[in-house]
Amino acid sequence: MSKISSILVTGGAGFIGSYVTKLLLEKGYHTIVLDNLSKGKKEHLLGGEFIEGDLADRSLLNKIFKNKIEAVLHFAAFTDVGQSVSEPELYHENNVEKTRILLEEAKKQGVSRFIFSSSAAVYGNPLQDLITEDHPTSPINPYGATKLTIEKELGPDAVSLRYFNAAGGDPEGKLLYRHQRPTNLIPIILQGLMENRPFTLFGKDYPTPDGTCVRDYIHIHDLASAHVLALISKGGVYNLGNGRGYSVLEVVSAVEKITGIKVNLQQGPRRAGDPPYLVASSAKAKKELGWKPIYSSLEEMVEHAWKGYQQN
Ligand code: UFG
């Protein structure tokens, strides 16, 4: 382990954490990734130190914090909203209890810079079109509740980044990520194309222009650049989205255009707990962090995600 100042990245072998680690390394940071590989893969790491282990392992955390840790970026969490409804205790244990252990151990060592992967799921059913950070928080699923619980327990130096719908892949194609069991729209459609399986559209009777749900997709590169800025910012809560929504059918069209393959679409019923429209105002992150998303086109997100599926 190293003696120079490092960034501890928990869950750094996962979809978002691995890309953020790549960007941190490019910016000259020294990274220590801690991941139990329950979802991520070691191959997703293009450099830095890697430690296989669990957040609940206090003695391991203690050893890690013997390094000079400048900040903790905490990605390690379960993220499947549906599973959080069927297994709420598992989500509480993994996302809340284990994060508390990490926070306690970080505090003991005087590390207060903590960048937390929060979620738009903390808002629940939105009451306004462009959600701002002062929108009431009222999660409608255990996943969102775990994120809100931790947000409230963070100290004043911590930054909570509320992701909207993370999408995309490495634009350079160096980090080829293919989800093992995708649970989100774009990877589900791409995986279906690879395996020649139909895609089920969850509901077409929503009060939106084409009847399908609208989401604010945000490229992982832009999510990652916000983390780099958060490292040198004051503490606070920030939405990360594009302020532009795309419907499920618009995503299907973008996939067909980029891949050149027709999606075998099957109409299914609504999925429980899906708000019709979820779009962020990220004005605060732009103003206070100086954040400038650069890959805001849906087609680019699909194109970069597709690279991981084709070459992996
Ligand atoms: N969808 C389908 N068919 C599928 C999968 C998804 O029609 O097979 C639809 C969903 O019903 C929804 C849209 O595609 O309308 C997006 O669904 P995702 O599951 O990709 O994303 P969600 O908006 O439900 O949730 C995501 C993350 C959460 C996060 C939330 C915040 O999974 O962790 O964004 O915006 F909290």
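Attention in this report is confined to the structure presented alongside it. (Residues numbered from 1 in each chain as written. Predicted model: local features only at pLDDT ≥ 70, side-chain atom pairs only at ≥ 80, totals over all residues. Heavy atoms only, no water.)

## Some thoughts on the overall build of the protein
Summing up its helical and strand segments, the protein has 10 helices and 15 strands in all. Taken against the 2.2 N^0.38 rule, which gives 20 Å for 312 residues, the C-alpha radius of gyration of the protein at 19 Å falls within 12% of a compact globule. Projected onto its principal axes, the C-alpha positions of the protein cover 55 × 40 × 40 Å. The burial tally for the protein puts 54% of its 312 residues in the buried class. A total of about 13700 Å² of accessible surface is found on the protein, and carbon and sulfur atoms cover 51% of it. One finds the centroid of the 35 positive side-chain charges in the protein at a distance of 3 Å from the centroid of its 35 negative side-chain charges. (Helix = DSSP H or I, 4+ residues; strand = E, 2+ residues; numbered from the N terminus. Rg over C-alpha atoms; globule rule 2.2 N^0.38 Å. Buried < 20%, exposed > 50% of the residue type's maximum accessible area, 1.4 Å probe, protein only. Areas by Shrake-Rupley, 256 points an atom, 1.4 Å probe, with all protein chains shown as cover. Lys, Arg positive; Asp, Glu negative; His and termini not counted. Charge placed at Lys NZ, Arg CZ, Asp CG, Glu CD.)

## A few points about the pattern of salt bridges
Note on pairing: side chains with opposite charge can pair once their charged atoms come close. If you walk through the whole model with that rule in mind, you get 17 salt bridges. With its nearest N and O atoms 3.3 Å apart, the salt bridge here joins K22 to D170. Residue K22 is found in helix α1 (residues 15-26), and its partner D170 is found in the loop between β8 (165-167) and α6 (185-195); the two are separated by 148 residues along the sequence. Note that E172 and K22 form a salt bridge whose closest N and O atoms lie 3.0 Å from each other. You can see E172 sitting in the loop between β8 and α6 and its partner K22 sitting in helix α1, a full 150 residues away along the chain. (Salt bridge = Lys/Arg side-chain N within 4 Å of Asp/Glu carboxyl O.)

## Brief notes about the pairing of strand β5 (residues 114-119)
Across the 6 residues of β5, 6 count as buried, placing the element largely inside the fold. Of the two faces of β5, the one lined by F114, F116 and S118 and the one lined by I115, S117 and S119 are each fully buried. Inspection of the sheet shows strand β4 (residues 69-74) paired to β5 by 3 bridges, in the parallel sense. Bridging across to β5, H74 finds its partner in F116. (Pairing = 2+ DSSP bridges.)

## Quick look at the side chain of D274
Mapped onto the elements of the fold, D274 is located in the loop between β14 (265-268) and β15 (277-280). Judged by relative accessible area, D274 falls into the buried class, the value being 18%. At 3.1 Å, the side chain of D274 forms a polar contact with the side chain of R271. Those residues in contact with D274 that lie beyond four places of it in its chain are Y206, C213 and R215. (Polar contact = N/O pair within 3.5 Å; in protein donor to acceptor, adjacent residues only side chain to side chain. Contact = heavy atoms within 4.5 Å.)

## So, the site of the ligand
Contacts to the ligand come from 23 residues, most closely from S119, N184, L185, R215 and D274. With respect to the ligand, the side chain of N184 contributes an N or O atom lying 2.7 Å from an oxygen atom. The backbone of T200 places a nitrogen or oxygen atom 2.8 Å from a nitrogen atom of the ligand. Compared with its free state, where it exposes 680 Å², the ligand has 91% of that area covered by protein. Broken down by element, the residue count for the shell around the ligand peaks at 4 residues, all from strand β9 (residues 199-202). Of the residues in the shell around the ligand, the class split is 14 nonpolar, 6 polar and 3 charged. (Near = heavy atom within 4 Å. Nonpolar A, V, L, I, M, F, W, Y, C, P; charged D, E, K, R; others polar.)

## Digging into helix α8 (residues 248-259)
Here α8 contains 12 residues, and its C-alpha end-to-end distance of 16 Å stays within 8% of the 16 Å for a straight helix at 1.5 Å per residue. If you check which residues of α8 are buried, you get V248, V251, V252, A254, V255 and T259. Relative to the axis of α8, the buried residues are bounded by an arc of 165 degrees and lie together on one face. Elements that come into contact with the buried residues of α8 comprise α6, β9, β11 (217-219), β13 (246-247), β14 and α10 (298-310). Just downstream of α8, G260 is the residue with a positive phi angle, here 75 degrees. (Expected span 1.5 Å × (residues − 1). Arc of directions from axis to C-beta.)

## Brief notes about the sheet that holds strand β1 (residues 6-10)
Reading across from one edge, β3-β2-β1-β4-β5-β7-β12 is the order of the 7 strands in this open sheet, with parallel pairing throughout. What marks the edges here is a single partner per strand, and that holds for β3 (49-52) and β12 (236-240). Across this sheet, the average inter-strand angle for adjacent strands is 20 degrees, counted without regard to direction. Bridge analysis of strand β7 (residues 159-163) against β12 gives 5 bridges, and the strand direction is parallel. Within the sheet, the bridge partner assigned to V159 lies in β12 and is G236. Its contacts with the sheet put helix α7 (residues 220-231) on β1, β4, β5, β7 and β12, and the angle it makes with β7 is roughly 170 degrees. (Axes fitted to C-alpha atoms, helices over the stretch in contact; angles between N-to-C directions.)

## Notes on the packing of aromatic side chains
Within this structure, the stated rule accounts for 3 aromatic pairs. On the basis of an interplanar angle of 55 degrees and a centroid distance of 5.3 Å, the ring pair of F15 and Y177 is categorised as tilted. A residue pair is termed long-range when its members are at least 10 positions apart, and F15 in helix α1 and Y177 in the loop between β8 and α6 qualify at 162 residues. Residue F15 shares its accessibility class with Y177, and that shared class is buried. (Phe/Tyr/Trp six-rings, centres within 6.5 Å; stacked < 30°, edge-to-face > 60°.)

## Let's talk about the environment of G48
Here G48 is to be found in the loop between β2 (31-35) and β3. Considering only alpha carbons, one finds G48 and H30, 18 residues apart in sequence, at a separation of 6.3 Å. Setting aside residues up to four positions removed in sequence, G48 forms contacts with L25 and T31.

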